[in-house]
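Residue strings, one per chain:
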Amino acid sequence: MKNLITALIVLFVVSCKEKEATTLSSQNIVDQSITVSGGELYQRSNISFKFRDRKYMSEIKDNKKVLQRSTKNDSAIILDILGRTGFTRFVNDSVIHLPDSMANSYSNSVNSVHYFANLPYGLNDTAVNKEFLGEIRIKDSDYYKLKVTFDQEDGGDDFDDTYIYWFNKKTFKPDYLAYEFHVNGGGLRFREAYNERYVGGIRFVNYYNFKPKDENTSIFDIDSLYLKEDLELLSKIELEDILVTQ
């Protein structure tokens, strides 16, 4: 009996250490991914790019990132700014007062485009929770598979969304990602990165944007559907005219 108790204690200690190692591994994977993708340059660079006929800019003001989106049409220039004090819309340099629901929608839209453009940088935000899910082979490469969720506090309006990232074991770059969202009826998306390039020392990619043909698919199984070519291509996420300044 004594030997059995001792064996159980040893097994429990080893299990705890393995769990701790997995948690540390998840953080280490993300840390290395951010390093190879731009590292500290994210924190001191102004970035601009064009996406779907709109210009997006992120500028550092008073050590804080200010996110912007500029839209031009025949009669007006619309400038959306998301900063420390919240969201503000200008039309031809005049402030436009919006209902809270509309301001939140525009704010989320601006933030979302900047978030995806700067990945993996945002994965070390304070509200982010990371969980190691294992390893998988996709095409000819091996990947670490990580789950990312968000705390409600500081996690934004979409804090209950779930993300999966696949980090290349050799390069630590996130070549694939998927996310489950709940707004507008909800759904799943799977993205495959392509056209990687470095501008000003920061990594940028475009994405093939897929959805599963079966709406009841679990996000944890979506990589197997990709391997079976059982996803539907919805669109391409293409960044153009990228400019990075210090």
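Residue numbers run consecutively from 1 along every chain, following the written order of its sequence. pLDDT decides what is reported in this predicted model: residues at 70 or higher carry local features, side-chain atom pairs at 80 or more are listed and counted, and totals for whole chains, interfaces and linings draw on all residues regardless. Calculated side-chain values reflect all of the structure's heavy atoms, with hydrogen atoms and water omitted.

*Asks:* How would you sum up the nonpolar core? Please name residues and give values.
*Replies:* Residues belong to a common nonpolar core when they are buried Ala, Val, Leu, Ile, Met, Phe, Trp, Tyr or Cys residues joined through side-chain atoms within 4.5 Å. Here the term buried applies to any residue with accessible area under 20% of the maximum for its type, exposed to any over 50%, and partly exposed to those in between, with areas from a 1.4 Å probe on protein chains only. One finds Phe49, Tyr115, Leu119, Leu123, Tyr163, Tyr165 and Phe167 to be the most contacted residues of the largest nonpolar core, which totals 36 residues. Pairs of residues are marked as contacts when any of their non-hydrogen atoms sit within 4.5 Å. With residues near it in sequence (within four places) discarded, Phe49 still touches Arg54, Lys55, Tyr56, Val113, His114, Ala117, Leu239, Glu240, Asp241 and Ile242. With 14 residues, the next largest nonpolar core counts Ile138, Ile219, Leu225 and Leu231 among its residues.

*Asks:* Can you explain the side chain of Asp175? Please cite residues and give values.
*Replies:* Considering the arrangement of structural elements, one finds Asp175 in strand β10 (residues 174–181). The class for Asp175 is buried, based on a relative accessible area of 17%. A distance of 2.8 Å separates a polar atom in the side chain of Asp175 from a polar atom in the side chain of Tyr143. Within polar-contact distance, the side chain of Asp175 engages the side chain of Asn168 at 3.4 Å. Each helix is a run of DSSP H or I of at least 4 residues and each strand a run of E of at least 2, with the numbering of both proceeding from the N terminus. Polar contacts, as counted here, are pairs of nitrogen or oxygen atoms within 3.5 Å of one another; within protein the pair requires one atom able to donate a hydrogen and one able to accept it, and residues that are adjacent in sequence qualify only if both atoms are side-chain atoms.

*Asks:* A description of the packing of aromatic side chains should follow, citing residues and the corresponding values.
*Replies:* Stacked, edge-to-face and tilted are the three classes for Phe, Tyr and Trp ring pairs, Trp counted by its six-membered ring, which pair at centre distances within 6.5 Å; planes under 30 degrees apart are stacked, over 60 edge-to-face, the rest tilted. In the structure shown here, the tally under the stated rule is 23 aromatic pairs. Between Tyr163 and Tyr165, the ring centres sit 6.1 Å apart and the planes meet at 10°, which makes this aromatic pair stacked. In this structure an aromatic cluster arises from ring pairing among Tyr115, Phe116, Phe150, Tyr163, Tyr165, Phe167, Tyr179 and Phe181. The ring of Tyr106 has Arg89 lying over it, and the distance from NZ or CZ to the ring centre is 4.0 Å. The cationic tip of Arg191 hangs over the ring face of Tyr207; the distance from NZ or CZ to the ring centre is 5.6 Å. Charges are assigned to positions over rings by a cutoff of 6 Å between ring centre and Lys NZ or Arg CZ, combined with an angular limit of 35 degrees from the ring normal.

*Asks:* Can you break down the pattern of salt bridges residue by residue, with the values?
*Replies:* For this analysis, a salt bridge means a side-chain nitrogen from Lys or Arg found within 4 Å of a carboxyl oxygen belonging to Asp or Glu. Evaluation of the coordinates by the stated rule reveals 12 salt bridges. For Arg44, the salt bridge goes to Glu40, with nearest N and O atoms at 3.6 Å. Take Arg44: its relative accessible area is 45%, and that puts it in the partly exposed class. Judged by relative accessible area, which is 58%, Glu40 ranks as exposed. The closest approach of N and O atoms between Lys173 and Glu196, which form a salt bridge, is 3.1 Å. With Lys173 in the loop between β9 (162–168) and β10 and Glu196 in strand β11 (residues 187–199), this pair connects stretches of sequence that are 23 residues apart. Glu196 gets classed as partly exposed once you look at its relative accessible area, which sits at 39%.

*Asks:* Hey, could you go over the sheet that holds strand β13 (residues 231–237) for me, with residue numbers and the actual values?
*Replies:* Sheet strands pair by backbone hydrogen bonding; their relative direction is either parallel or antiparallel. Pairing between strands requires that DSSP locate at least two bridges from one strand to the other. If you trace the 7 strands from one edge of the open sheet to the other, you get β7-β8-β9-β10-β11-β12-β13, paired in antiparallel fashion. If you trace the sheet from one side to the other, it starts and ends with β7 (128–138) and β13, each paired once. The mean angle between the axes of side-by-side strands here comes to 25°, regardless of whether they run parallel or antiparallel. Examined bridge by bridge, β10 and β11 share 6 bridges and lie antiparallel to one another. Of the residues in β11, the one forming a bridge with Phe181 is Gly187. Those strands touched by helix α3 (residues 100–117) are β8 (141–150), β9, β10, β11 and β12 (202–212), and its axis lies near 20° from that of β9. All axes here are fitted lines through C-alpha atoms, helices being fitted over the stretch that makes contact, and every angle between N-to-C directions spans 0 to 180 degrees.

*Asks:* Quick one: what's the story with the sheet that holds strand β14 (residues 240–245), residue by residue and with numbers?
*Replies:* One open sheet accounts for 7 strands, arranged β6-β5-β4-β3-β2-β1-β14; its pairing is antiparallel. What marks the edges here is a single partner per strand, and that holds for β6 (94–96) and β14. Put simply, the sheet's adjacent strands are angled 20° from each other on average, direction ignored. Here 6 bridges tie strand β3 (residues 64–72) to strand β4 (residues 77–83), and the two strands are oriented antiparallel to one another. Opposite Lys72, over in β4, you have Ile77 as the bridge partner.

By themselves, these figures tell us nothing about what the structure is for.
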